[in-house]
Amino acid sequence: MDTALAPDQARAILQSAVTALAAPAPRDSDILSAAFPATPSALITAIASLNPAALAAHLHAHLASRTTLLDDPKSPALPLGISESDLLAYAALHSWAAADSTVTPEDRGALADTWRWFDLVQNDPAVMGNSILKAIPFGLDLTEDDAAAGSRPAASGAPAPATASADAGAGETEEERKAEEKREKARAKKAEKAAEKAKQKAERNSAAEGGATPAAGASAAKPATAEDTVARIDIRVGRILEASPHPDAESLYVEKIDVGEPEPRVVCSGLVKAIPDPAKLLGPCIVICNLKPVNMRGVKSHAMVLCATDDTKAVVELVMPPEGAAPGDRVVCDGFEGEPDAQLNPKKKVWEKIQPDFSTSADGVATWKDSPMKTDKGVCTAPTVRGGTLS
């Protein structure tokens with residue numbers, strides 16, 4: 001990972017982030033992963049599934065021992081600097097942070113690490129003055145009590161206000177020491193209450209938006225149950241008939257895909273960065289057909305193209321059906337029988353529970369829980385990715 005981004009690199013990443021985040025949560029993690037391959041999958045999942053309030057709480061927990069998102073907490077003296085991941089998360093929170101009525105002083109104190117990091121990003125030399133997202137002058141002049149909720153210094157680099165305990169000299173009396181310990185306990189208790197209020201507010205906001213949001217630090221999807229198997233996913237052989245750049249989103253293609261229905265489906269895929277030539281998309285593919293349609297910058301996407309990604313995220317390629325398979329042929333895995341859902345309920349996060357068990361084998365066969373994905377013509381494969389993930 002580069003230790004510093006040039007302004008033009010930061011601007012390009014922010015533009016892509018604004019485009020990819022145009023849809024409200026829950027978003028398609030596949031599109032985010034394809035558009036931002038250097039961002040860890042756990043962060044992609046959080047940004048895709050959490051509303052801004054819950055995401056802010058999630059980042060607060062993550063940043064407690066880090067300056068930026070990808071820092072190694074075991075090596076705090078070697079910060080990596082602002083990365084693609086920081087800019088993507090910054091863009092995800094920007095509109096929410098800009099709403100003064102939403103981010104209250106109490107919220108900022110309870111989520112001190114998030115706002116310290118946010119201010120650090122927007123004041124980074126590569127980000128300052130960009131024309132994509134303007135800096136938010138909400139003022140992180142946290143009081144001593146507010147700062148007790150976080151463990152990091154202010155973004156400006158100034159040290160946190162010194163406490164009486166830190167300044168104590170040899171002449172400090174026992175009475176003064178006990179008084180300072182009492183004040184420290186009171187500050188810690190206040191910080192704990194503020195953090196709990198922020199968590200409750202995030203959950204209330206999520207409920208008001210019609211879906212339950214995981215608490216900070218929790219996984220975006222609960223572990224799969226016995227009923228959450230690949231049989232619930234409507235996976236079909238497809239053929240991409242047309243592919244062209246999205247008119248309003250630089251990171252997306254708009255495709256027309258034959259999946260064995262009277263009319264081709266319109267599908268948006270975040271594959272521009274991985275596959276710059278749209279002509280290379282034309283031909284056979286594997287399609288997830290029962291995801292809920294989602295509006296992507298004015299174009300409604302009615303399915304998802306299944307892709308394989310290597311462990312470096314440098315290679316992203318279409319999963320291929322077996323030779324002789326026809327559009328509309330269903331793809332199944334032995335040992336997981338059943339009819340797919342007509343449409344997966346995004347609030348139940350069925351896809352998010354099932355997707356992590358998709359992979360490619362050592363010989364390139366696409367699998368779910370090591371069971372090959374196949375049609376009656378043979379198995380589905382990735383052209384070059386071995387031991388990779390599918391999404």
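About the criteria used
Residues numbered from 1 in each chain as written. Predicted model: local features only at pLDDT ≥ 70, side-chain atom pairs only at ≥ 80, totals over all residues. Heavy atoms only, no water. Pairing = 2+ DSSP bridges. Helix = DSSP H or I, 4+ residues; strand = E, 2+ residues; numbered from the N terminus. Buried < 20%, exposed > 50% of the residue type's maximum accessible area, 1.4 Å probe, protein only. Core = buried A, V, L, I, M, F, W, Y, C linked by side-chain atoms within 4.5 Å. Contact = heavy atoms within 4.5 Å.

Turning next to the sheet that holds strand β2 (residues 249-258). Read from one edge of the open sheet, 5 strands run β3-β2-β1-β4-β7, paired in antiparallel fashion. Single-partner strands in this sheet number two, and they are β3 (265-269) and β7 (304-305). Note that strand β4 (residues 283-288) and β7 share 2 bridges and pair antiparallel. The residue of β7 that forms the bridge with Ile-288 is Met-304.

The next point concerns unusual backbone geometry. One non-glycine residue, Lys-313, lies in the positive phi region at around 65°. One can find Lys-313 in the loop between β8 (307-309) and β9 (316-318). The class for Lys-313 is partly exposed, based on a relative accessible area of 24%. You will see that Lys-369, though not glycine, has its phi angle at about 50°, which is positive. If you trace the backbone, Lys-369 turns up in the loop between β12 (366-368) and β13 (371-375).

A few words now on the pairing of β13. Sheet topology places strand β10 (residues 332-333) next to β13; 2 bridges connect them, and they run antiparallel. Residue Cys-333 lies in a different strand from β13, and its bridge partner there is Met-373. Pairing of β12 with β13, which is carried by 2 bridges, proceeds in the antiparallel orientation. Its bridge partner being in β13, Trp-368 is matched across the sheet by Ser-371. Here β12 folds back onto β13, and the loop between the two strands holds 2 residues, one of which, Lys-369, carries a positive phi near 50°. Between β13 and strand β14 (residues 378-379), which pair antiparallel in sequence order, lie 2 residues.

Quick look at the nonpolar core now. Judged by nonpolar contacts, the single largest core of 43 residues is most densely connected at Phe-36, Ile-47, Leu-59, Leu-87 and Trp-117. Leaving out residues up to four positions away in the same chain, Leu-87 has contacts with Leu-5, Ala-10, Ile-13, Leu-14, Ile-82, Val-121 and Val-127. Of all hydrophobic cores here, the second largest spans 26 residues; its members include Met-304, Val-331, Trp-351 and Ala-382.

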